[in-house]
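One-letter residues, chain by chain:
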Amino acid sequence: MSVARPVARRLVSGRLAAVAGAPCAAPTPTPTPTATTAAPCQQVFAHRFHSSPQLSARRRPRFANVRAADMGLMTEKQIDDFTTEKFPRYTKEELDLLRTKYSPAQIAALEAGEAAINPRDLTVQGRLRNDPYTLPYIDDFAETQPIIDKRAKNKEAPDPSARFMNMDEFTQDLILWADKFPVGDVTGQLKTLVDFVPEDFKTTPEGNWPGEVREAAHKAFQLYLESEVGRQNKGKDVDDVEGGPTDADILQYILERSAMTDDNRTTDTSLAHALPSKVPGVAGKYKQAIDPEDQGLDDLGVYQDVKRRTGLSVAELLKVQTKQLVIRTVSNQTRLGKVRKVSAIYCAGNGNGWLGIGEAKSTEFSIALNKARLMAMQSMKPIRRYENRTIYGTVESKISGTIVRMSARPPGFGLRVSHRIFEMCRAAGITDLAASIPRSRNPMNTVKAAYKALLTQPDPEEIAMGRGKKLVDVRKVYYGGAVY
Amino acid sequence: MGIASITNACAHLQNAARARLGLTSLPNTKYNLRLALAMHRAGLIASVTRGGPRPPPPEALLAAEAEPVTSDNVATRRLWIGLKYWNNEPVMRNVSPVSKPSRLVTAQFDELSRVARGFGVHQLKGLNLGETMFLSTDRGVLEVREALAKKVGGLVLCRVS
């Protein structure tokens, strides 16, 4: 018990509180004289064991809440009024306007959506969200806010069939534009080219006119235009024409008027139209990057160089097995710092006696890999194989501190070699081999030494020729040569 | 000198072959002569000619001995060895002595047959593809396969490949 709150004071306040809370209090017997037992409905507005003075009344909020009844939202009429004011139905005019914008199916969807929600429910049950995923602002997305939203793209798409205007179309377009600026005493429209041809050709398009008719018409039209200009400018300063196009108009014409046959349509995109697939003057003159012999196997032209250098077709190149053997980062120390690159070594083989090793470096990881892979394909060489399964004799090869020693093994022995040499053997089609790397096991040198060893196998035929002796493989002699 | 002259001859032949020499000479000893003749039988060298301090002319290489050995000229006699090459490579690329004066290596017939089939016996490694071995036996200096045919073993002189 707090020392600052004597028992008597506590008793008084508890009794007062009990009286104040009498309506909700359970019928209690006479108040107990002891201080420690409190009545069930006794309200104490502070913790019992606290040194701060007790509050005399319930703490009230500083701002009173407004009840719905006070806002006039509790009677049916008020609810209906609020609903009709805040959530009105679409008027007939609005619906007509919407029909111009949306397809019948969309209009049907809109109407179904409107019918699905009772506006009264919006009034009675509508709440502002307060869940953690609420947007930080209140918006029904009916309007565009330029600060937040991207610019609306509500213009039509570019005309896909538009092309650059020819001379006549351009002249027509220029006249159309110029007609917006009434100058002088001209009444009515200017004459057009059609007015200068004989009656027979007035209905036919210009392309079908005979040459002399066309030339005469153009000449007369030109004369007419010049005379018109001269007539209208008679006695006037050309630059100071009342009502004529201003400099701003001309600049706008130059910069903004479309030079294509799309009726000066404005769009949301500033990109030019793609060129048509066959431009008339250039058709057939494109260099085809893709060789038709590839049958679409190499659309990106990745294998074209290798194809040219190896003489293999793309289909054959795609069958070549490749494997990444070594990847490491190398750096060139310059006065500007280290220039880091990735170095990769790949092996490539057709699984039938051809093997190649390719090494490449690049600052870009994937480029180094691709280059090394193609280099490996390009450098494939035939590997001598004994019985198409192992090598001839024992060969040893040294690169730097790395020595790779390989030995031929009987059928079914398998590849008891380290993993990089295993991949090389698999690519080359060697199935029985033992190899040891007695000294340094540097990955790059291991691969190079193994490749060198495979290439420097002794050739029994050459040895026999050199010594002038007949060498016979006794494996092929015993059991009638049936050794498999 | 015995086996020491053989080790010297091996080193010299290997050096001469790797230097792409056509004709080289060894000291005129019986041991060297027998080894050279064994190599000639094995097809590793082109010719063996006894001559003087100057190399014999090419036509004399295949001819019979021009000058007989006498007590006067015996000190100046040399064995002139014609080396062989094939496809720009020496036929005799590696010549490594096996026995040396401080350790003589011998092989009996059964051991020799294993070595000739590519299996190692004691300090002798098995023969590799295209490799051959020369032995000094009581039937003279023989190649390993000659020794096997004659069923004899002996002192292993050198391995050649």
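All of these numbers come straight from a predicted model, not from anything done at the bench.

K.L.:
It is not clear to me how the overall build of chain A should be interpreted in this structure. Could you clarify?
P.N.:
What chain A contains, in helices and strands, is 14 helices and eight strands. Scored against the burial criterion, the 484 residues of chain A give a buried share of 13%. Of the contacts made within chain A by residues no fewer than 6 positions apart, 58% connect residues no fewer than 24 positions apart.

K.L.:
Help me understand the overall build of chain B, please; the structure alone is not making it clear to me.
P.N.:
Scanning chain B from N- to C-terminus turns up five helices and 10 strands. For chain B, the proportion of its 161 residues judged to be buried stands at 33%.

K.L.:
What exactly am I supposed to notice about the pairing of strand β3 (residues 78–83) of chain B here?
P.N.:
Strand residues, when the strand is regular, have side chains that alternate between the two faces of the sheet. Residues and elements named next belong to chain B. Relative to β3, strand β1 (residues 23–27) is paired through five bridges, and the arrangement is antiparallel. Across the sheet, residue Leu23 finds its bridge partner in β3, namely Gly82. Bridge count between strand β2 (residues 45–51) and β3: six bridges; the pairing is antiparallel. Bridge assignment links Gly51 to a residue of β3, and that residue is Arg78.

K.L.:
Looking at this structure, how should I read the sheet that holds strand β7 (residues 415–416) of chain A?
P.N.:
All names here are of chain A. Read from one edge of the open sheet, four strands run β5-β6-β8-β7, paired in mixed fashion. Of all the strands in the sheet, the pair left with one neighbour each is β5 (394–399) and β7. Where β7 lies against strand β8 (residues 433–436), two bridges are found, and the strand directions are parallel. The partner of Leu415 across the bridge, within β8, is Leu433. Seen against the sheet, helix α13 (residues 443–455) touches β5 and β6 (402–408) and runs at an angle of roughly 140 degrees to β5.

K.L.:
I tried to follow the nonpolar core on my own but got confused; where do I start?
P.N.:
In a soluble, globular protein the nonpolar side chains are often hidden away together inside. Counting residues in hydrophobic clusters, the biggest one holds 43 residues, and the most contacted among them are Cys347(A), Met424(A) and Ala450(A). At the level of secondary structure, the elements contributing two or more residues to this core comprise β1 (321–334), β2 (337–349), β3 (354–362), α11 (365–378), β6, α12 (419–428), β8 and α13 of chain A. No fewer than three residues from each of domain 4 (290–314) and domain 5 (390–474) of chain A sit in this core. Those residues in contact with Met424(A) that lie beyond four places of it in its chain are Cys347(A), Leu355(A), Ala450(A) and Tyr451(A). Of all hydrophobic cores here, the second largest spans 37 residues; its members include Ala16(B), Ala17(B), Leu35(B) and Phe134(B).

K.L.:
Would you take a moment to explain unusual backbone geometry for this structure?
P.N.:
Excluding glycine, residues mostly have negative phi values, and the peptide bonds linking residues are mostly trans. Phi is positive for Asp263(A), close to 55 degrees, though the residue is something other than glycine. Mapped onto the secondary structure, Asp263(A) falls in the loop between α8 (247–256) and α9 (304–310). Residue classification places Asp263(A) among the exposed residues on the basis of 10 C-beta atoms within 10 Å. One non-glycine residue with positive phi stands out, namely Lys151(B), at about 55 degrees.

K.L.:
Explanation requested: the sheet that holds β2(A) in the structure shown.
P.N.:
The strands that make up a sheet are held in pairs by hydrogen bonds between backbone atoms, and each pair lies either parallel or antiparallel. Residue and element names in this part refer to chain A. Across the sheet, which stays open at both edges, the four strands sit in the order β1-β2-β3-β4 with antiparallel pairing between neighbours. Pairing within the sheet leaves two strands with one partner each, and these edge strands are β1 and β4 (381–382). One ladder, built from 13 bridges, connects β1 with β2; its direction is antiparallel. Bridging from a neighbouring strand, Gln321 pairs with Gly349 of β2. Here α13 sits on the sheet and contacts β1, β2, β3 and β4; the angle it forms with β1, its principal contact strand, is near 130 degrees.

K.L.:
Explain the packing of helix α1 (residues 3–18) of chain B against helix α2 (residues 30–41) of chain B here, please?
P.N.:
The geometry of a pair of packed helices is captured by two quantities: the angle between their axes and the separation between those axes. Residue and element names in this part refer to chain B. For the pair α1 and α2, interaxial distance at closest approach is 9 Å and the crossing angle is 45 degrees. Comparing their axes, α2 and α1 come out oblique. Considering only the axes of α1 and α2, their crossing is right-handed. For the pair α1 and α2, contact is made by Ser5, Ile6 and Ala9 and by Tyr31, Asn32 and Leu35, respectively.

K.L.:
Can you help me understand α11(A) in this one?
P.N.:
Since one α-helical turn is 3.6 residues long, residues separated by three or four positions face the same way. Residues and elements named next belong to chain A. For α11, which comprises 14 residues, the first-to-last C-alpha distance of 20 Å matches the rise-based estimate of 20 Å (1.5 Å per residue) to within 8%. Taken together, the buried positions of α11 are occupied by Ala368, Ala372, Arg373, Leu374, Ala376 and Met377. On its buried side, α11 packs onto α9, α10 (314–319), β1, β2 and β3.

K.L.:
Please explain the packing of α12(A) against α13(A) as it appears in this structure.
P.N.:
All names here are of chain A. Where α12 meets α13, the closest approach of the two axes is 10 Å, and the angle between their N-to-C directions is 35 degrees. The crossing of α12 and α13 is right-handed. Between α12 and α13, the residues in contact are Arg420, Ile421, Met424 and Ala428 and Pro443, Thr446, Val447, Ala450, Tyr451 and Leu454, respectively. Classifying every residue of the contact of α12 with α13 gives eight nonpolar, one polar and one charged.

Cut-offs applied
Residues numbered from 1 in each chain as written. Chains lettered and ligands numbered in written order. Predicted model: local features only at pLDDT ≥ 70, side-chain atom pairs only at ≥ 80, totals over all residues. Helix = DSSP H or I, 4+ residues; strand = E, 2+ residues; numbered from the N terminus. Buried ≥ 20, exposed ≤ 12 C-beta atoms within 10 Å, placed from the backbone. Contact = placed C-beta atoms within 7 Å. Pairing = 2+ DSSP bridges. Axes fitted to C-alpha atoms, helices over the stretch in contact; angles between N-to-C directions. Core = buried A, V, L, I, M, F, W, Y, C linked by C-beta atoms within 7 Å. Domains from an automatic or database assignment. Parallel < 35°, antiparallel > 145°, perpendicular 65-115°, else oblique. Left-handed = near helix turned anticlockwise from the far one by under 90°. Expected span 1.5 Å × (residues − 1). Nonpolar A, V, L, I, M, F, W, Y, C, P; charged D, E, K, R; others polar.

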